[in-house]
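# Residue-level structure breakdown
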Amino acid sequence: MSRTASPSRTAPAAVATALAAVLALTGCAGPDTASGAAPTEPTPGGTLRFALGAAPQGVDPQQVGTNVSIYVARQLADSLTDQDPATGEIEPWLAESWDVSDDLTRFTFHLRDGVTFSDGSALDAADVRASFDAVAGELGATAPLAASYLAGYAQTEVPDERTATVVFDAPNAQFLQATSTVSLAILSEETAEVDPAERLQGDIVGSGPFVLDSYTQDQGAVITRREGYDWAPESSEHQGEAYLDGIEFSVVPESGVRAGGIASDQFDAVGDVLPQDVPQVEGTGGEVLTRANPGVPFVLQPNVTRPPLDDPEVRRALLVAIDRQELVDTVLSAAFKPATSVLASTTPGYADLSDQLAFDPTEAGKILDDAGWAPGPDGIRVKDGEPLEIEVTYTPVFTGSGAVLELAAQQLRAAGIDLKLRQLTAAEQTTAQDSGDYDVFYYNVTRADADILRTQFSTAQRNLSLREPDDAVDPLLDEQLREADPAERDTLVADAQREILDQGLAIPLFELAQSIGVRGDVHGLAFDASSRLLFHDAWIEQD
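Residues numbered from 1 in each chain as written. Predicted model: local features only at pLDDT ≥ 70, side-chain atom pairs only at ≥ 80, totals over all residues. Heavy atoms only, no water.

## Structural notes on the sheet that holds strand β20 (residues 418–423)
For clarity, the cut-off: For two strands to count as paired, DSSP must find a minimum of two bridges between them. Only DSSP runs of H or I reaching four residues or more are called helices, and only runs of E reaching two or more are called strands; each is numbered from the N terminus.
Strands sit in the order β15-β22-β14-β21-β19-β20 across an open sheet of six strands; the sheet is mixed. In the strand order of this sheet, the two ends are held by β15 (337–338) and β20, each with one partner. Where β15 meets strand β22 (residues 507–511), two bridges bridge the pair, whose relative direction is antiparallel. Across the sheet, the residue bridging to P338 is F510, located in β22.

Structure (structure tokens):
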């Protein structure tokens, strides 16, 4: 027995239903574009100048994970499937249809005819096999998101050039949605043989609507339109080649400088627009395009092997000592929401646990009093002669992170907790993560599937808490991966969210929203289901 999906029917349907319901409630329907109804018909030509808030990690879609990296990498490579941003449905892209076995261990994709890579070679099933073999093999730790999506991967069978069957050694309920992500984009068979570091620097061959012209680490990238591209997903506004001649991505860390660049005609679009920058964007006829991110919201994930966070009572106090609404109102904007769980509210399977995260400084004080943390002379609590100090490790991949953490530190100080900020580069943060040299890790991860919890919190996966396997969180995360019934899976995911909060394995702060400023003559810039930018439909009014 098998389930078959075609352009008119996808599996599993519940993912689409759940996401559509959430989007309807939040008003974040898509696809979102920068300008709504354009004043004229789209005109090809022109180069879009885009200012990024941080430097990309590289351009290999299978290895990068930050939004700014994906803004570049997604344009270079396509995926087997697409997730419609308006409905959450899984739809055809490089695969025109697929079959899923009843036990969720075999996924057979029937590839679209006529697709070619940027080097002119034709896409076939051997490329799918090589891409997935590389992720499960040599890339490994350098592609943590992609590798987690292929957990339990056994092999890809290639009965013919147009058919690829991906086989797992255990049920994998999340895999079909994973095939729509940039992390499992399909690259040429030759790319799989390239050294991972060289791939990050641009030695890749994809089938996307743009090709890489240049990439300079810490400075930016230039991509140009791919001639002959004609296999955009159904959610795109048009088929055929991209409208733009190219896109110039530059790195401009200061948000005010980015917004000023819109006003002074230095940039056509900019990322991470903060509230104080909105008037500059809108004052020249531009607008701010927003969409909420699904997945894990920005959280503080504690290292439970290091004091004082090895004390579960300290972690419990942190949950209620932070005023999340004040974070949003003071530092962010109405586009953002206070976190109400360890999943963002736009994620299928989200459970509203706002009661457990309600700001309650009195309760925080009582928890710490009962745990033996007494107020010290400077207001910071002390136990056994040690102050209640916690260091948060972060990189400013989101422009507002520093200000959010500074305000959170002020709130925690009122509860007698000294939160110290430790800003690192991406490379330094990776070193700290690998060595376990941190108290709490600040981050978010975007994905429109609840299995992102397993990726981040399972002891067999990223496990930033460095905790030992248990009989509560781990079994729930493993079981949801094996559950074919969507309703039962949602129940397991909800239980996992509660257990993660009960153990204080994450201190949620706020839900990330993409906030992109665009000039008034830019149209068609769109978000995908994971709120990452797509440029295939983007165009600029020509004089």
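Don't stop here, the text continues.
## Quick look at the packing of aromatic side chains
A ring pair, where both rings are aromatic, is described by two values, the distance of the centres and the angle of the planes. The test is simple: Classification of ring pairs uses Phe, Tyr and Trp, with its six-membered ring standing for Trp, and accepts pairs whose centres are within 6.5 Å; under 30 degrees between planes counts as stacked, over 60 as edge-to-face, and the remaining range as tilted. A 1.4 Å probe rolled over the protein chains alone gives each residue an accessible area, and that area as a share of the maximum for its type sets the label: buried under 20%, exposed over 50%, partly exposed in between. Here, over-ring charges are defined by two tests on the NZ atom of lysine or the CZ atom of arginine: distance to the ring centre within 6 Å, and angle to the ring normal within 35 degrees.
Within this structure, the stated rule accounts for 19 aromatic pairs. Summarising the aromatic geometry, the rings of F398 and F510 are spaced 6.0 Å apart at their centres and angled 45° between planes, so their arrangement reads as tilted. Here F398, found in the loop between β19 (389–394) and α12 (401–414), pairs with F510, found in strand β22; they are 112 residues apart in sequence, far enough to count as distant. For the pair F398 and F510, a shared accessibility class is recorded, and that class is buried. Both rings, one in Y438 and one in F441, keep their centres 4.9 Å apart while their planes meet at 65°; by these two values the pair is edge-to-face. Cation over ring: R447 sits above Y149, and NZ or CZ is 4.0 Å from the ring centre. Looking at R462, its charged tip hangs above the ring of Y443, at a distance of 5.1 Å from the centre.

## With respect to the sheet that holds strand β18 (residues 386–387)
The antiparallel open sheet is built from three strands, whose spatial order is β16-β17-β18. Lying at the two open borders of the sheet, with one neighbouring strand each, are β16 (374–375) and β18. One ladder, built from two bridges, connects strand β17 (residues 381–383) with β18; its direction is antiparallel. Along β18, the bridge assignment pairs V382 with P387.

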